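Coordinates in review
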Amino acid sequence: MSLYSMEEFGSSTIEIFPSNTLNINKNLEKLQQEELAKILQKHSAASAWEYTDMKGIYPKTCIHHIYIEENNRLIRQPQRRMNPNLREIVKEELQKLVNVNFI
């Protein structure tokens, strides 16, 4: 059982703006949902809804490091095949990230 499983707690969707929705805990009261929506609308500039919203993010704030012990030997993993139906979708998403200099 995962601590943060969406299936365990369930979710409901609130609309922040006409094209932006967010999944939240279904156990929030209606008043809490409305307050949350107001806060998110007020501070919407702090959220990235699309890849294009992420321009100008300082890379050090989102870089992931994998620390390994000095004596460990690195092992190259074999390349894995991807479902051909998903390949184009993944390629498009990666291209969006490249276009905004996120990767």
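I will try to describe carefully the structure that is included in this document. (Residues numbered from 1 in each chain as written. Predicted model: local features only at pLDDT ≥ 70, side-chain atom pairs only at ≥ 80, totals over all residues. Heavy atoms only, no water.)

1. Digging into a nonpolar patch on the surface
A grouping of Met82, Leu86, Ile89, Val90, Leu94, Val98, Phe102 and Ile103 is seen on the molecular surface, where their side chains present a nonpolar patch of about 660 Å² in accessible area. Relative accessible area serves as the criterion here: at 35%, Met82 is assigned to the partly exposed category. (Patch = residues over 30% accessible without salt bridge, like charges linked within 9 Å, V, L, I, M, F, W, Y side chains within 5 Å. Areas by Shrake-Rupley, 256 points an atom, 1.4 Å probe, with all protein chains shown as cover. Salt bridge = Lys/Arg side-chain N within 4 Å of Asp/Glu carboxyl O. Buried < 20%, exposed > 50% of the residue type's maximum accessible area, 1.4 Å probe, protein only.)

2. Considerations on the pattern of salt bridges
Using the criterion set out here, one finds two salt bridges in the structure. The shortest N-O distance in the salt bridge between Lys96 and Glu93 comes to 3.3 Å. Taken as a pair, Lys96 and Glu93 lie in helix H3 (residues 84-99) at a separation of three residues, close to a single helical turn. Judged by its relative accessible area of 39%, Lys96 falls in the partly exposed class. You can call Glu93 partly exposed: its relative accessible area is 29%. (Helix = DSSP H or I, 4+ residues; strand = E, 2+ residues; numbered from the N terminus.)

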